[in-house]
Amino acid sequence: MHRQHRRIALITGSLLLIAVGAWARTVYVNTRYAKVRESQASTAAQVGKVDFGDGLTVVTDQGGFLQVSVPNGKVGWIAKMWVSDTAPSKDGLAEKAGQSVRAGGTVTYTAGARGLTDEAKTYASSKSMGDAAAAVEKMEKFQVTDEDLEQFMRAAHLGDFRGGQR
Amino acid sequence: MNRRHFVANLSAALGLLGLFTCSCGMLGQVTQDVTDAGQKLAFGGAKAAAAATLPIGIEEEVSYGGAISVMVVQRYGGLVDDPAVHGYINLLGQALALHAQRPNLAWHFAVLDSPQVNALSAPGGYVFVTKGALLQMTDEAQLAGVLAHEIGHVDARHALESIKALKAKSALAQGAADAWKDSALFGQLLDTYLGDFFEHGLPVAAEFEADALGTGLLMRVGWYGAGLRDFLAILGKMEAQADKPTTAQFEKTHPKTADRISKLEEQLKRFGDFSGSRDEARLRAVQAKARSFKPAPPAQAIAP
């Protein structure tokens, strides 16, 4: 009889554990990248950097922030506006920072310096627009580093550094 | 008695689990329904059907975008090739693109060396604003608002949807998936698209949607949310006065400025608080650089 009770208790416990596991909420990063920090302050140490589409397990929901578990196993805080409850589409994930994988599987250009495709170049050439094509290629070569962007956003109070957010 | 108690507990636990699982399923379905409804709203039923039959991959999109950008640069007199101007427009643009709906695109931003007041974008992440527009702005949020509007066009694939519709009517519809690489067919498709684009612009609904998306993005990043509205107000005054030559192309290819302002007012009212960053000093410094920019003279042949 006592043994039977223990068995029932064990089954009940297991079912509750499954329920708790199912309750765990996953959110997905909806910006190109975001920083997860030790606290909600924008000056707090970085726990991890997460990329567009990464799934994060929610530990705590507090005001405009979520405490999440990041893929490296650590726990930190991220602003709610940088995550969504639904994962981005496969198409969106495939648009990886300007990389284009051609039929042969070779990455033919990288972010900021991909150059016009052969088709675009041929079109430009057919219209005698060589100077304009060169200008567009120069435009593509211009790169803003993540550090420069963060410095600008900090000075302009944008993104993680927006007034009053943290 | 004890046994009955445990059995009752077990039943209750099973009931709770069942209820919970059902709720999760329903929640997931509601989320999916909302997402589906949003996609239908964004693209329209007929357009969604065209997209399903003629998908355009990123390489094809970037090819159209690159070629369109070359035509835009050609038509608007080249770029303001100044490092300070280029750096500033790209910082603003990348700050927005980081949080756009398609953040992984390779986004590029530039100022066109034209007195016309206009801004344009092309599939794949190319965004342009004219020097004429830049010089009319009075704070950074206005420039960010205009860039965000153009990002909205690319995020929602507005130009790409028009190209898809043309593609469905062209010989490309019957060809293989990579038939667009045929230079003759590629050229014909783009000539048709660009002829219509420069004459009529994008559909009116697409312009209103880009206004809404752009203003949402502006707020999301932290700029003053009325940046785009304020710039349109400046433009409205120019249209009413004697600046027709510089705004004619803009007026021809966009819905009535007053209608756009009115819709943005409604959106901002829904936001309530739309305060945010609206620096003037950085913009003024870059305007001075753009104003004094002189394009390099064409290279001359050296006499033998």
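**As for the confidence of the model for chain A**
Here chain A shows a mean pLDDT of 81. Residues at 70 or above account for 77%. Counting contacts from residues 97-112 of chain A, a segment whose pLDDT is below 50, to residues more than four positions away or on other chains yields 31 contacts.

**Focus: the pairing of strand β6 (residues 75-79) of chain A**
Residue and element names in this part refer to chain A. Among the 5 residues in β6, 4 count as buried, and that is most of the element. Here strand β5 (residues 65-69) runs beside β6; their pairing, made up of 5 bridges, is antiparallel. Of the residues in β6, the one forming a bridge with Ser69 is Val75. With antiparallel pairing between neighbouring strands as the criterion, β5 and β6 make up a hairpin whose turn holds 5 residues, including Gly73 at a positive phi of roughly 90 degrees.

**Considerations on the environment of Ile78 of chain A**
Residues and elements named next belong to chain A. The residue Ile78 is located in strand β6 in this model. Along the primary structure Ile78 and Val36 are separated by 42 residues, whereas in three dimensions their C-alpha atoms are 5.2 Å apart. When sequence neighbours within four positions are dropped, the list of residues in contact with Ile78 reads Ala34, Lys35, Val36, Val50, Leu56, Gly64, Phe65, Leu66, Val68 and Val83.

**Regarding the pattern of salt bridges**
All names here are of chain B. Applying the stated criterion across every chain yields a total of 22 salt bridges over all chains. Residue Asp139 pairs with Arg278 through a salt bridge whose shortest N-O separation is 3.3 Å. Here Arg278 lies in the loop between α12 (257-271) and α13 (281-291) and Asp139 lies in the loop between α5 (131-134) and α6 (140-155), a separation of 139 residues in the sequence. For Arg278, a relative accessible area of 38% corresponds to the partly exposed category. The network of salt bridges with common partners includes Asp139, Arg229, Asp230, Glu265 and Arg278.

**Brief notes about the side chain of Arg102 of chain B**
Mapped onto the secondary structure, Arg102 of chain B falls in the loop between α4 (83-97) and β1 (108-112). A relative accessible area of 3% places Arg102 of chain B in the buried class. Dropping the residues within four chain positions of it, Arg102 of chain B is found in contact with Glu95 of chain A together with Ile58, Glu61, Trp107, Val154, Asp155 and Arg157 of chain B.

**A short note on the sheet that holds strand β2 (residues 119-122) of chain B**
Residues and elements named next belong to chain B. If you trace the 3 strands from one edge of the open sheet to the other, you get β1-β3-β2, paired in mixed fashion. Edge strands, defined here as strands with exactly one partner in the open sheet, are β1 and β2. Adjacent strand axes in the sheet meet at a mean angle of 20 degrees when their direction is disregarded. Pairing analysis gives 4 bridges linking β2 to strand β3 (residues 126-130), with the strands arranged antiparallel. Bridge pairing in β3 links Leu120 to Phe128.

**Observations regarding the pairing of β5 of chain A**
Residues and elements named next belong to chain A. Of all 5 residues that make up β5, 4 are buried, and the element is covered over most of its length. Pairing of strand β4 (residues 55-62) with β5, which is carried by 5 bridges, proceeds in the antiparallel orientation. Residue pairing for β5: Val58 is matched across the bridge by Val68. Taking the residues between adjacent antiparallel strands as the criterion, β4 and β5 are bridged by 2 residues, where Gly63 takes a positive phi near 60 degrees.

**Describing the environment of Glu251 of chain B**
Along the polypeptide, Glu251 of chain B turns up in helix α11 (residues 244-253). The spacing of Glu251 of chain B and Gly236 of chain B is 15 residues in sequence and 9.8 Å in space, taken between C-alpha atoms.

**Overview of the packing of aromatic side chains**
All names here are of chain B. Using the criterion set out here, one finds 8 aromatic pairs over all chains in the structure. Their ring planes at 45 degrees and their centres at 5.9 Å tell us that Tyr224 and Phe274 sit as a pair that is tilted. Here Phe274 lies in the loop between α12 and α13 and Tyr224 lies in the loop between α9 (204-221) and α10 (227-240), a separation of 50 residues in the sequence. Classification of Tyr224 by relative accessible area gives buried; the value is 12%.

**Quick word on the packing of α4 of chain B against α13 of chain B**
Residues and elements named next belong to chain B. Running from amino to carboxyl end, α4 crosses α13 at an angle of 140 degrees, the nearest separation of the two axes being 9 Å. On the basis of the axis angle, α4 is oblique to α13. Judged by the twist between their axes, the crossing of α4 over α13 is left-handed. Contacts between α4 and α13 pair Ala84, Val85 and Tyr88 from the former with Arg282, Leu283, Val286, Lys289 and Ala290 from the latter. Classifying every residue of the contact of α4 with α13 gives 6 nonpolar, no polar and 2 charged.

Calculation notes
- Residues numbered from 1 in each chain as written.
- Chains lettered and ligands numbered in written order.
- Predicted model: local features only at pLDDT ≥ 70, side-chain atom pairs only at ≥ 80, totals over all residues.
- Heavy atoms only, no water.
- pLDDT = per-residue confidence, 0-100.
- Contact = heavy atoms within 4.5 Å.
- Buried < 20%, exposed > 50% of the residue type's maximum accessible area, 1.4 Å probe, protein only.
- Helix = DSSP H or I, 4+ residues; strand = E, 2+ residues; numbered from the N terminus.
- Pairing = 2+ DSSP bridges.
- Salt bridge = Lys/Arg side-chain N within 4 Å of Asp/Glu carboxyl O.
- Axes fitted to C-alpha atoms, helices over the stretch in contact; angles between N-to-C directions.
- Phe/Tyr/Trp six-rings, centres within 6.5 Å; stacked < 30°, edge-to-face > 60°.
- Parallel < 35°, antiparallel > 145°, perpendicular 65-115°, else oblique.
- Left-handed = near helix turned anticlockwise from the far one by under 90°.
- Nonpolar A, V, L, I, M, F, W, Y, C, P; charged D, E, K, R; others polar.

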